Amino acid sequence: NLISGNEQEGVSLSGASNTLIQRNDIGVDANQSADLGNTRNGILVSGGAGNRILANLISGNNQDGVKLSNNTSSNVIQNNGIGIQGDNTSPLGNGGHGIAITGSDNRIGGIDLGQANDIAFNGGDGIAVLSGQANAIRGNSIFDNAGLGIDLKNDGVTANDTGDGDGSFDANHLQNFPVITSVTSGRSVTIQGTLNSTADTTFQLDFFASPGCDPSGNGEGRTYLGSDAVTTDGNGDATFSFGADVAQDQMFTATATDPDGNTSEFSACFPRAGEATSTPTPTATPTASATPTSTITPSPTTTPTPIGEPSPTPTPPPLEECLPDQDTVRSFQLSWLTRRSKIAAQGSDPLYMAHPPGQANPALDLLSPLNGSRQETFVPARSALDPTGTNNDICTLTYNPTTHELFVPSAPPVRPAVVDVTNAATGAFIRAVTPDRSAQGPIKGLAYDLVRDELYVAVPPDPNLQNPNLIDVVDAQTGNRIRQLDPTRTSRGIIPSLAFDPVQRRLFIPSPPDKTGGSPGIDVVDSATGDRLSFIPLDAVTVAVEYDPAANHLYAGSPPGQQPEDVRVIDVATGQVVHTISNPERTASGRIYAITLAVDTAAPAPAFSLYLPDIHH
């Protein structure tokens, strides 16, 4: 629903309980990019209990985005965009706070899948707890608000007190925040510090990174890094040491939450060793131009990384093409970052599929994901093609939703393998990255981590490789190898594709395509350690997966040999197929083995795109 331009609240609940407000655009235009704010609050909940506000876009309203008042309790606010446009990055702030709370036992965000809110660019605090206790505020992305990220009592930074005895009846008991004392240098950081609070109590500490610090000196928290539990001693003291991989030029903050759900304000910012403190000017914009601000502009200063020459070996090694077994296996890569009310398939949302192999410059067809009808075709520029022009297959794709760029691997015979970064709307070449890999060969499994700007690159299916189970993690800008994973899998062997969960930081890895016996399926592994977390059984082998964190869905290829070729959408919780994209119209038909689905910020309304190369073997 579009709920905008009203003379009072967009949505108002008075004394209501157990009401669901979900998937609405509140205060914005139909394109989710211009201010049609409601005169007062986006959503007002007065009294009552147990209401849920989920997956809405709440921006451009004259007062607060969401206001919980009159001692309302036990409400849940999760997976909303508050103060941003539908592209998830451009400002469209509410005039007051992102969320204002007068009540208790409310949950704002969370650290589990699909729970966090994006709260930015608002004219007041990101979240203001005016009164009430046990309001848990965890895992959210809170940044660039005019006030504090989290403000208890709405009076600016509340100093810690020894033993945390103040605020017995104040907002969230004026819970003390952690004190960060050091952050090590390098990409893999260790955040150390102390917490003084109630004695003999276990607290949950949440850690965040941001490009800059709030002018108050106490941070907001743009990127949630993870959590750790600490228990205070008899004097109320605890120490912590938390490790994370984080891009350069970030500031670090933390919050503390007690067992009852009282969350603190953000701690003071602390820079990584060797990096200077950055305190930006707040960029809150309660109103926005009717013209969308998101544009696609390839960097004019970036030059391609040298790609090296193809191997001089006259005969390329076996398994050079995208498919380990051309007769029985289809391999494709799917990449999608979704959010909010646009998650459901729209009739105009484009789907991209590539032409079959054997062509000098494979193209991408732009299709509808609902009925498969073709809209247009373009050729992505690539710097590393097969000199013979016979094998320029696009074996995999992945997507950067912030810059609207595609990562497109080089042709399978090229050595060393290169990843071209191209404009996802036009196919124009932007730059090239040569990943430092443990073994050379065609790139098949490829996934992008937006938070850390890293690429997960599976090792090639080369028969001379001793361990084809490895994954190289490389810097997406330089290609430098950061670490290597040897994931624990139900069946070890070739990794045909990868999918990445940016919320819980998990990788989804299909069973090897040459698997025989046992139950096929998808391993879910920890992206930091490679430890297997769970296994999703399937009725047949699939060699391509992608994960949608908002809907908790996996996108997977249909079983090998099935006709027509299609893409199955699987509910991770149940393992059931909930939707099928079947028999799309293409300028060149054949097996689909590489696909990516992404937010198309160049469209008049933010849309989702599927990019699919296919093969005619």
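Details of the structure are given in the entry above.
Residues numbered from 1 in each chain as written. Predicted model: local features only at pLDDT ≥ 70, side-chain atom pairs only at ≥ 80, totals over all residues. Heavy atoms only, no water.

Section: the side chain of Asn176
Applicable threshold: Note on conventions: DSSP H or I runs of at least 4 residues are helices, E runs of at least 2 residues are strands, and numbering of each starts at the N terminus. Each residue's exposure class comes from its accessible area (1.4 Å probe, protein chains only) as a fraction of the maximum for that residue type: buried when under 20%, exposed when over 50%, partly exposed otherwise.
Within the secondary structure, Asn176 is located in the loop between β17 (150–152) and β18 (179–183). With relative accessibility at 1%, the residue Asn176 sits in the buried group.

Describing the pairing of strand β33 (residues 454–458)
To be explicit about the condition: One bridge is not enough; two strands pair if DSSP finds at least two bridges between them.
Of all 5 residues in β33, 5 are buried; the element is thus mostly enclosed. Along β33, one buried face is formed by Glu454, Tyr456 and Ala458 and the opposite face, lined by Leu455 and Val457, is buried too. Relative to β33, strand β32 (residues 446–449) runs antiparallel, the two sharing 4 bridges. Each bridged residue has a counterpart across the sheet, and for Tyr448 the counterpart in β33 is Leu455. Once β32 ends, the chain turns through 4 residues before running back antiparallel as β33, passing Asp453 with a positive phi of about 55°. Of the strand pairs in this sheet, β33 and strand β34 (residues 471–475) are connected by 5 bridges, and their pairing is antiparallel.

Some details on the side chain of Asp206
To be explicit about the condition: In protein, a polar contact requires one atom able to donate a hydrogen and another able to accept it; more generally it is a pair of N or O atoms within 3.5 Å, and residues adjacent in sequence count only if both atoms are side-chain atoms. Here a residue-residue contact requires only that any non-hydrogen atoms of the pair lie within 4.5 Å.
Relative to the elements of secondary structure, Asp206 occurs in strand β20 (residues 202–210). By relative accessible area, Asp206 is classed as buried at 0%. Among the polar contacts made by the side chain of Asp206, one reaches the side chain of Arg138 at a distance of 2.7 Å. Within the local environment of Asp206, its side chain forms a polar contact with the side chain of Ser227, the two groups lying 2.6 Å apart. Leave out the neighbours within four places in its chain, and Asp206 touches Ile111, Arg138, Gly139, Tyr224, Gly226, Ser227, Thr253, Ala254 and Thr255.

Description of the state of the cysteines
How we decide: When the sulfur atoms of two cysteines come within 2.5 Å, that pair is taken as a disulfide.
All told, the structure shown has 1 disulfide when counted by the stated rule. A sulfur-sulfur separation of 2.0 Å characterises the disulfide bridge that pairs Cys213 with Cys269. When the S-S torsion is 85°, as for the bridge of Cys213 with Cys269, the disulfide is right-handed. Placement of the pair is Cys213 in the loop between β20 and β21 (223–231) and Cys269 in the loop between β23 (251–257) and β24 (270–271), with a sequence separation of 56 residues. In terms of burial, Cys213 and Cys269 fall into one category: buried.

Description of the nonpolar core
As a rule of thumb, nonpolar side chains are buried together in soluble globular proteins. Stated precisely, the cut-off is as follows: Buried Ala, Val, Leu, Ile, Met, Phe, Trp, Tyr and Cys residues that are joined via side-chain atoms within 4.5 Å together make up what is termed a nonpolar core.
Counting 28 residues, the largest nonpolar core has Ile43, Ile53, Val66, Ile99 and Ile127 as its most contacted members. The next biggest cluster of nonpolar side chains, apart from the first, holds 19 residues, and it includes Ile180, Phe207, Ala238 and Phe252.

Some thoughts on the sheet that holds strand β43 (residues 577–582)
The condition that has to hold: Orientation is described by lines fitted to C-alpha atoms, with helices fitted over the stretch in contact, and by angles between N-to-C directions that extend from 0 to 180 degrees.
An order of β40-β41-β42-β43 is seen for the 4 strands of this open sheet, with the pairing classed as antiparallel. The open sheet terminates on both sides in strands that have one partner only, identified here as β40 (545–548) and β43. Taking the axes of each pair of neighbouring strands and ignoring which way they run, one obtains an average angle of 20° across the sheet. As defined by bridge partners, strand β42 (residues 566–571) adjoins β43 across 5 bridges and the pair is classed as antiparallel. When the bridges of β43 are listed, Ile570 appears paired with Val577.

What to know about the sheet that holds strand β38 (residues 521–526)
Reading across the sheet, the 4 strands line up as β36-β37-β38-β39 and stay open at both edges, with antiparallel pairing between neighbours. With one partner strand each, in any of the chains shown, β36 (499–501) and β39 (532–537) form the two edges of the open sheet. The mean inter-strand angle of the sheet, taken between neighbouring strand axes irrespective of direction, is 20°. By the bridge criterion, 3 bridges tie β36 to strand β37 (residues 506–510) in an arrangement that is antiparallel. The residue of β37 that forms the bridge with Ala499 is Phe508.

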